[in-house]
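# Inside the fold
The chain contents come next:
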Amino acid sequence: MADPGLYPPFPYDAETATGFARTMFDHLDNGTTDMAPEVLEIDPRVYRDPELAARERAELFGYVPIVAAHGTELPKPNDYLTVQLPNNEVVLVRQRDGLVRGFVNTCRHRGARLVNEDSGNRRFFSCRYHGWSYGGDGSLRAIADEPTFGAMDKSCLGLKEVPVEERHGFVWAVDSAAPDRKIDVGEWLGPDFDASLGAMEMDRYHCHRVGDFDLEINWKVLMDAFLDGYHIAYAHTGTVAPYFHNNAQTWQPMGRHGRMVSARKSIDTIRGQDPATVDVNRHITVAHFLMPNMTVLRQPDHLEVLNFVPAPHTAVGTRMQMRILTREPATTDELTARWEKNWNILQAVLQDEDIVVNEGLQKAVSNADLGPLYLGRNEIANQHFHRWMAAALADPRHWG
Ligand code: FES
Ligand SMILES: [Fe+2]
């Protein structure tokens, strides 16, 4: 019997689990997958146009919540992290009251980068250029040699602040310090998707490891790579292809967002049984796709979380943030080895396969003469993403 601490219980109710089993059995028995009504044509400029990228940063990422960290990366008061978001580098600081606040990482004097470390624990932040110092609440506490600097109202010179909220274990931020910006993650997720994420109890998980990968690839190219279950058999022959069924997915849109279920080949050992009584947990991956830029892959014993953060100032740059979340911290060598093995597999899948293919794609979609591109009916989740992006930018601040 497996350690229950290692394998959290399947988070969904019996009806949902039965539905997952039934639809996956049906698809595999019939060689089918969930399909959109038609093929969707897309303009390759969505992957390379600098003006579109600037609009995405300003009109989308400047307004909507995205994940900036997992709460266990800054557990204690005065813990801080620097995080690159599409518009701003932000310092997240855990306050004494337990809440996390986020500040633009720029000294208000002459613009030095205030915090130069990735993470730490500090009660004050002193600027290395001229020694101005700020509290963990972002307030300007002291101007060095103040009588010689000239009279300034320090209460107006606190660090610029972006809206931050913790929910589902993650620290979310809206990447703008404009005074009219607010954050409401529950509203953003919508009731069904919020409940589906809530069922996974991600606030009870621990961030085992996080890695940043700076790539010369448009962020939507990478999001697309996770939304399609059609490439596994071709692009992932060196890693996971032998273990997963290709091109057999069930896609459930939930408002702006959606979840997709894929099957491991091990599901064949229970196919033919009653979907209502099988234990499907170990045989499927449930992926939650959060608009605009995040995916949470639920493996039976851990979570893989990917964020594709557009780089500032370019259409062709993404900081990919990869996290492995586990139910418990790795307290033994055995557990450490287990999660490191999973980290290495995920990294191989990405670096040796997805990224290689998509660096080539990014180069190729910059060719002058390539015509439109196509998302098949089977690429139903990609269609959802591209339709949603088009609608979001056509109707700014409504976002479907
Ligand atoms: S730029 Fe920070 S104190 Fe001068
Ligand atoms: Fe892939």
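Anyway, here's the lowdown on the structure attached to this text. Given the structure is predicted, the values throughout are model-derived calculations rather than measurements.

So, on to the sheet that holds strand 8 (residues 133–135). Overall, antiparallel pairing links the three strands, which are arranged 7-8-9 in an open sheet. With one partner strand each, in any of the chains shown, strand 7 (124–126) and strand 9 (140–142) form the two edges of the open sheet. Taken pair by pair, the neighbouring strands of this sheet meet at an average axis angle of 35°, ignoring direction.

Turning to the packing of helix 6 (residues 219–227) against helix 9 (residues 380–394), a few remarks are in order. Contact geometry of helix 6 with helix 9 gives a least axis separation of 8 Å together with a crossing angle of 150°. Crossing angle aside, the handedness with which helix 6 passes helix 9 is right-handed. For the pair formed by helix 6 and helix 9, the contact residues are Met223, Asp224 and Leu227 on the first element and Ala381, Asn382 and Phe385 on the second. A per-class count over the contact of helix 6 with helix 9 returns four nonpolar, one polar and one charged.

Here strand 17 (residues 294–298) lies mainly inside the structure; four of its five residues are buried. Bridge analysis of strand 16 (residues 284–290) against strand 17 gives five bridges, and the strand direction is antiparallel. Note that in strand 17 the partner of Phe289 across the bridge is Thr295. Here strand 16 folds back onto strand 17 in antiparallel fashion, the turn holding three residues. Note: strand 17 against strand 18 (residues 303–310), five bridges, orientation antiparallel. By the bridge assignment for strand 18, Arg298 is matched with Leu303.

Pairing is antiparallel in the open sheet, where five strands are placed in the order 6-3-4-5-10. The open sheet terminates on both sides in strands that have one partner only, identified here as strand 6 (119–121) and strand 10 (161–162). Both strand 3 (residues 79–84) and strand 4 (residues 89–94) contribute to a ladder of five bridges, which runs antiparallel. Across the sheet, Thr82 pairs through a bridge with Val91, a residue of strand 4.

Thresholds applied
- Residues numbered from 1 in each chain as written.
- Chains lettered and ligands numbered in written order.
- Predicted model: local features only at pLDDT ≥ 70, side-chain atom pairs only at ≥ 80, totals over all residues.
- Pairing = 2+ DSSP bridges.
- Helix = DSSP H or I, 4+ residues; strand = E, 2+ residues; numbered from the N terminus.
- Axes fitted to C-alpha atoms, helices over the stretch in contact; angles between N-to-C directions.
- Left-handed = near helix turned anticlockwise from the far one by under 90°.
- Contact = placed C-beta atoms within 7 Å.
- Nonpolar A, V, L, I, M, F, W, Y, C, P; charged D, E, K, R; others polar.
- Buried ≥ 20, exposed ≤ 12 C-beta atoms within 10 Å, placed from the backbone.

Distances and angles like these do not, on their own, reveal function.
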